[in-house]
Amino acid sequence: MIDNHDGFMEQDHDQAALQDMARRHTINLIQMKALENMRSYITGDTPKYEYKLSITSPSKTPSTLTGDKILLPQSALEQLLAVAPSHPLPPQALDPESWDLPRGYLEGRQQQHQQLPHPLIFRLYNPANNRFSHAVPREFSAEEGEIGISPFLREALGLEEKDEEPLKEGEEEGSREKPKITIVSKSLPKGTHVRLRPLEAGYDDEDWKALLERHLRMHFTTLTVGEILSVEGRTSSRGRKDRGEFRFLIDKLEPEEAVCIVDTDLEVDIEPLSEEQARETLKQRLARKTGGSTGGILKVGETASGEILPGGYHFYELTKWDRALPLIIEVDGVEEGDEVDVFVSTSKQHHKPRDVEHVWGDFGCTYPKRIDISCTNVELIDAQTVFVGIHGYRSLDAGDDEESEDESTRHYILQITQSASESLEMNIDGAEDTAPGPDYKKCANCTQWIPTRTFMLHENFCFRNNHFCKECKQVMKRGTESQHWHCSHCKTHGNNAPFALEKHTSVFHRPRNCSSCLYEAANLPDLAVHRTTTCPDKIILCKFCHLLVPQEGTGDGSHPDAETIITGLSKHELDCGSRTTECHLCSRIIKLRDMETHLKNHNLQRLSKSLPSICRNPNCARTLKGATNDLGLCSICFGPLYAQGYDPTGSQQKRRVERKFLQQLLTGCGKSWCQNDMCKSGQANRGVVQDGVMTTAKAFPMIKPVMERLADRSVPLGLCVDGVTGKRREMAEWLVAESALQERGGYDLAFTIAAVEDAGGDIEGARKWLEKEGVRKGERSSQV
């Protein structure tokens, strides 16, 4: 015993006992912590983080802070980690006897298990006006004691009103105290439904639907009732917004008044704010229909005529056409001085064709405008719909204000046709310098070959009325030379100057910037190619998650990496396809993007399979499965013929087979279901033996051909079987007849017997086995 200074007496333990006691004490503490975390995980209780921060001035807030994103100081992250719950320990952690860990391991594991919730959501509360909203941190880079919030959150919290208050007398700029808000960590449920109400009339689905989806996906994680969403309009070819800004009021959310919209299917309803707004919207839509067609479904051979305003679009859809013939899209009927462009894309692009985003287009000034699309074009493969967009070109002299624009409509006629033979005009070099005949002379003005007898009349008329451009060799009426133009940047020429020249320069010689990435296009057609091919913001239908998402990418999207080129997958599909799943054929864990190749290997192995070896007995429904005997019978059928005696020549086995057949023909098996030709009962059941008498004289001639070719396995050995085996044989033969009526070809009897045997006589299971393992006759012949 040892006497301590405090008067306490302790027993003298050895070192091992002290270590064991310390270990158990630590285990009890960790066990209590695990139970506490388990309870909070089940009940949903999470530690709250509450703090008051000053608002960073708008001038110091980065422009990249959009939507419901905020900037928090570094200390906020440290405090969050300090109160963050640990992951519940595994069940074995609750058993102290199972702990056998080195010193320091428990403390390290506790640090590793601490994790912040995802997404990390905060409720922002403005005590000055009792307004609140929700946000997620973008970075932890704000000044200590301050919080940076986006313009959207400033409007939602009513902070813009205070910023716009005029300075009082004697108050210096920057001396005003910064407003403060309270932030509290908050967990929000996944949203299922949102109802939006537009704040202005005249919105069409084509205007805002795609823009709204993109805006929510890029800038928002949460939505709160009462907030106003401001969606920028679509960027036109000249860098301006076609419809300015779309504003929507969040009127209703489910299941609560604030929801999280990440990783959830959100149903969106758009309803008018009032009956007056609904009537005004209908009125504006009707006003834009200035007569004729304004778009819709169009069939091959039909003609659609319409009138379009400058800067407007009419969209047509072609859903049915002969895919073995080329498509010819022609636009005509445009009056002189007007300009109407035509753009075409397919449903694979997931957007309507516009001047900055189309697959095929014609910006020219010559009519009729014609776009020929070959039936073998890769864009038409698997395309369900062809979209045609008619665009009324707006002069660069027109201002951005809609009231100052020219509102005169432009008439057009659209027709889509298909032709079995495409007319090709072949220009042979030097053909125009060769005279059609000996009595022809070339006109010095228009350089055409004219018959000698009328040459003088033609030359006098030509010099008096026509003007010949030596640069482009085009003949025009004298007096219209001022309308003729040549581009100083390329070899293009035309008439109707300066309007046509201005349009050509704007379209083909004006650099454009992609509104979604950093790509700098040399002209408008180059920008359209970029937006429909390599742009990271191009919308695709992911083949793995089956959602419409941006294809993503690196840099400005002008140079895709090697992996996307080799695999043919976008950046999003490469990341999404990295998820794994279980192969339904072999139960192996395979990446989604490798599943197609993996299944092809399964299919190749299936097609390379040989026919299963089946029993030689035509009444049997079993495969050999490794059974080896000279007669080619399964183990069940060969059982009665087996003998252990030494028989090097096979004569004894031959006599046993002969006696078996003779017994079947003379006495029969006595089974009512027997259909065996080599059995008396089978012949009686089939009505072959009318009197029911079978003599040896009749039996031996039937047995002799079989015995002579006993070694030939192609000769069937008709042995009697039980009723279950007979039914399975009938089922296998019925599956052969059923598959023969299908388009892909039928199965061999060997495959159907193997399928029925594997399924245990279940016909549905046999069908599934055949689809998985069977090889049809047509597939086998194509492989050969």
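Residues numbered from 1 in each chain as written. Predicted model: local features only at pLDDT ≥ 70, side-chain atom pairs only at ≥ 80, totals over all residues. Heavy atoms only, no water.

Asks: Looking at this model, I keep getting lost on the overall build of the chain. Mind explaining?
Replies: Within the chain, the secondary structure is distributed over 21 helices and 35 strands. With an accessible surface of roughly 45,900 Å², the chain has 51% of that area assigned to carbon and sulfur atoms. (Helix = DSSP H or I, 4+ residues; strand = E, 2+ residues; numbered from the N terminus. Areas by Shrake-Rupley, 256 points an atom, 1.4 Å probe, with all protein chains shown as cover.)

Asks: Help me out: how do you make sense of unusual backbone geometry in this one?
Replies: Trans is the common state for peptide bonds, and a negative phi is the common state for residues other than glycine. For the bond running from Glu254 to Pro255, omega is 15°, close enough to zero to count as cis. Relative to the helices and strands, Pro255 resides in the loop between β12 (245-254) and β13 (258-260). For Asp263, which is not a glycine, the phi torsion comes out positive at approximately 55°. Mapping Asp263 onto the fold places it in the loop between β13 and β14 (267-270). Residue Asp263 is classed as exposed on the basis of its relative accessible area, which comes to 70%. Unusually for a residue other than glycine, Ser587 sits at a positive phi of about 65°. The topology assignment puts Ser587 in the loop between β34 (580-582) and β35 (589-591). Under the relative-accessibility criterion, Ser587 is labelled partly exposed at 47%. (Buried < 20%, exposed > 50% of the residue type's maximum accessible area, 1.4 Å probe, protein only.)

Asks: Which parts of the structure should I look at to understand the nonpolar core?
Replies: Here is a general trend for soluble globular proteins: nonpolar side chains tend to be buried in one another's company. Core analysis: the biggest nonpolar cluster contains 33 residues, and Ile70, Leu124, Ile147, Ile149, Leu223 and Leu229 have the highest contact counts within it. Beyond its immediate sequence surroundings of up to four residues, Ile147 is in contact with Leu53, Ser54, Ile55, Thr56, Ile70, Leu71, Leu72, Leu124, Ile181 and Ile183. (Core = buried A, V, L, I, M, F, W, Y, C linked by side-chain atoms within 4.5 Å. Contact = heavy atoms within 4.5 Å.)

Asks: Sorry if this is basic, but what is going on with the packing of helix α19 (residues 749-759) against helix α20 (residues 763-773) here?
Replies: At their nearest, the axes of α19 and α20 sit 8 Å apart, and the two run at 125° to each other. One element, α19, and the other, α20, form an angle in the oblique class. The interaxial crossing formed by α19 with α20 has right-handed handedness. Residues Phe751, Thr752, Ala754, Ala755, Val756, Asp758 and Ala759 of α19 form the contact with α20, whose own contacting residues are Gly765, Ala766, Trp769, Leu770 and Glu773. A class-by-class count of the residues in the contact of α19 with α20 yields eight nonpolar, two polar and two charged. (Axes fitted to C-alpha atoms, helices over the stretch in contact; angles between N-to-C directions. Parallel < 35°, antiparallel > 145°, perpendicular 65-115°, else oblique. Left-handed = near helix turned anticlockwise from the far one by under 90°. Nonpolar A, V, L, I, M, F, W, Y, C, P; charged D, E, K, R; others polar.)

Asks: How should I be thinking about the sheet that holds strand β23 (residues 410-418) in this particular structure?
Replies: The strands making up a sheet are joined through hydrogen bonds of the backbone, oriented either antiparallel or parallel. Taken together, the four strands give an open sheet; going across it, the order is β16-β23-β18-β21, and neighbouring strands pair in antiparallel fashion. The strands lining the two open edges of the sheet, one partner per strand, are β16 (303-308) and β21 (369-373). For this sheet, the mean angle separating the axes of adjacent strands, direction not counted, is 15°. Taken together, the five bridges between strand β18 (residues 327-332) and β21 define a ladder with antiparallel strand orientation. Paired with Ile329 across the bridge in β21 is Ile371. (Pairing = 2+ DSSP bridges.)

Asks: Is there a simple way to think about the environment of Ala156 in this case?
Replies: Its location among the elements puts Ala156 in helix α4 (residues 151-156). Spatially, the C-alpha atoms of Ala156 and Phe132 are 7.4 Å apart, while their sequence positions differ by 24 residues. Those residues in contact with Ala156, other than ones at most four positions away along the chain, are Arg131, Ser133 and Glu227.

Asks: I tried to follow the pairing of strand β22 (residues 386-392) on my own but got confused; where do I start?
Replies: Within a regular strand, side chains alternate between the sheet's two faces. Burial analysis of β22 places seven of its seven residues in the buried class, which makes it a mostly covered element. Burial of the side chains of β22 extends over both faces: Val386, Val388, Ile390 and Gly392 are buried on one face and Phe387, Gly389 and His391 on the other. Summarising the sheet, strand β17 (residues 313-318) and β22 pair through six bridges and their orientation is antiparallel. Bridged to Leu318 within β22 is Val386. With seven bridges joining them, strand β19 (residues 340-346) and β22 adopt antiparallel strand pairing. If you follow Asp341 over to β22, its bridge partner there is His391.

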